[in-house]
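Understanding the architecture of this molecule
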Amino acid sequence: MISIKTSREIDLMSIAGLITYDTFKYLEDFIKPGITTNKLNDLAKSYIISRGATPAFENYNDFPTAICISVNEQVVHGVPNNYKLKDGDIISLDIGVCYKGYYGDSAWTYPVGKIDEDKKYLLKHTENSLYEGLKQIKPGNRIGDISSSIEEYAKKHNLGIVKELVGHGIGSSLHESPDIPNYGNPNIGPILKPGMVLAIEPMLTFGDEDIFLEEDDWTISTCDKSPSAHFEHTVVVTKDGYNILTKR
Ligand code: MG
Ligand code: MG
């Protein structure tokens, strides 16, 4: 069952989404060689709280920190620590915010200093794959249309698709029905309707797509150590398309 949000709920999710977006904008100035991922986490946490919201990931399934930060070959769920960012790294920030009981969820991968051409290619085309998926969002289309568009774009650009992790519905819970894989056939799955709110989040790799769980029991990394990128927006289905809630 996919919930249809009321206009009041969408208003609250718009605020949650905006705070999420503003947290990224706030952090961008700090993403430089030398800063630790712990420091970025602390800045995010205090910023989110200063906006009257709470960091959604902290304590979610016992996750230990406010946001997820995944560096280079780490795909998702990286736990901020004492690692100091280096010139040439890429970092994926995944930020969830809860405002008055409603959630926003977004992820973005950033270059640290000057990155190589392979990483530039990965970032550009993973971001594009997100927008390819979003283009399919309108009433009457199906979840599979989003999935297949992301897959088609990723394959065309020779990028690996992490298949074990998926996008999702979102609302008064961080993760709601339906699952939204980043691969699959068009024309299958639930039909999109106005008022549904979805988090679309392709996770692509520059090399092989196989992943493993690191010893910290949280961080998911590529087996071949190839870099990975993650771009996510929370969007609401409207009567003729969609609006991105995690963007100004
Ligand atoms: Mg997320
Ligand atoms: Mg998500």
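Scope of this entry: the structure provided in the associated data block.

Definitions and limits used
- Residues numbered from 1 in each chain as written.
- Chains lettered and ligands numbered in written order.
- Predicted model: local features only at pLDDT ≥ 70, side-chain atom pairs only at ≥ 80, totals over all residues.
- Heavy atoms only, no water.
- Axes fitted to C-alpha atoms, helices over the stretch in contact; angles between N-to-C directions.
- Helix = DSSP H or I, 4+ residues; strand = E, 2+ residues; numbered from the N terminus.
- Parallel < 35°, antiparallel > 145°, perpendicular 65-115°, else oblique.
- Left-handed = near helix turned anticlockwise from the far one by under 90°.
- Contact = heavy atoms within 4.5 Å.
- Nonpolar A, V, L, I, M, F, W, Y, C, P; charged D, E, K, R; others polar.
- Donors = N, O, S within 2.8 Å, 3.2 Å for Na, K, Ca; no water.
- Buried < 20%, exposed > 50% of the residue type's maximum accessible area, 1.4 Å probe, protein only.
- Patch = residues over 30% accessible without salt bridge, like charges linked within 9 Å, V, L, I, M, F, W, Y side chains within 5 Å.
- Areas by Shrake-Rupley, 256 points an atom, 1.4 Å probe, with all protein chains shown as cover.
- Salt bridge = Lys/Arg side-chain N within 4 Å of Asp/Glu carboxyl O.
- Lys, Arg positive; Asp, Glu negative; His and termini not counted.
- Charge placed at Lys NZ, Arg CZ, Asp CG, Glu CD.
- Phe/Tyr/Trp six-rings, centres within 6.5 Å; stacked < 30°, edge-to-face > 60°.
- Lys NZ or Arg CZ within 6 Å of the ring centre and 35° of its normal.

1. Remarks on the packing of helix 3 (residues 117–134) against helix 4 (residues 143–156)
Put simply, helix 3 and helix 4 touch, their axes get as near as 8 Å, and they point 150° apart. As far as their axial angle goes, helix 4 and helix 3 are roughly antiparallel. Our pair here, helix 3 against helix 4, has a crossing hand that is right-handed. Residues His125, Asn128, Ser129, Glu132 and Gly133 of helix 3 lie in contact with helix 4, whose contacting residues are Ile146, Ser149, Ile150 and Tyr153. Taken together, the residues of the contact of helix 3 with helix 4 break down into three nonpolar, five polar and one charged.

2. Here's the deal with the coordination of the magnesium ion (ligand 1)
Bound to the magnesium ion (ligand 1) on the protein side are Asp94 (OD), Asp94 (OD), Asp105 (OD) and Glu232 (OE), at distances that span 2.0 to 2.8 Å. Every donor residue of the magnesium ion (ligand 1) comes from the same chain, spaced as D-x10-D-x126-E. Taken as a pair, the magnesium ion (ligand 1) and the magnesium ion (ligand 2) show a spacing of 3.2 Å, with Asp105 coordinating each metal. Residue Asp94 is located in strand 4 (residues 90–99), and its partner Glu232 is located in the loop between strand 13 (228–230) and strand 14 (233–237); the two are separated by 138 residues in the primary sequence. Among the residues examined, Asp94 registers a relative accessible area of 8% and is labelled buried.

3. Description of a negative patch on the surface
Taken together, Glu164, Asp208, Asp210 and Asp224 make up a surface patch of like negative charges. Its location among the elements puts Asp224 in the loop between strand 12 (220–222) and strand 13.

4. Some details on the side chain of Ser147
One can find Ser147 in helix 4. On the accessibility criterion, Ser147 (2% relative accessible area) is buried. Filtering out sequence-adjacent residues up to four positions away, Ser147 remains in contact with Ile180, Pro181, Asn182, Tyr183 and Gly184.

5. Here's the deal with the packing of aromatic side chains
Tallied over the entire structure, the rule returns five aromatic pairs. Seen in terms of ring centroids, Phe63 and Trp218 are 4.9 Å apart; in terms of plane orientation they differ by 85°. Their pairing is edge-to-face. Of this pair, Phe63 sits in the loop between strand 1 (54–55) and strand 2 (68–71) while Trp218 sits in the loop between strand 11 (211–213) and strand 12, and the two are 155 residues apart along the sequence. Here Trp218 falls in the partly exposed class, since its relative accessible area comes to 23%. Through successive ring pairs, a cluster of aromatic residues spans Tyr26, Phe30 and Tyr47. One Lys or Arg, Lys163, reaches over the ring of Tyr183 and ends 5.5 Å from the middle of that ring.

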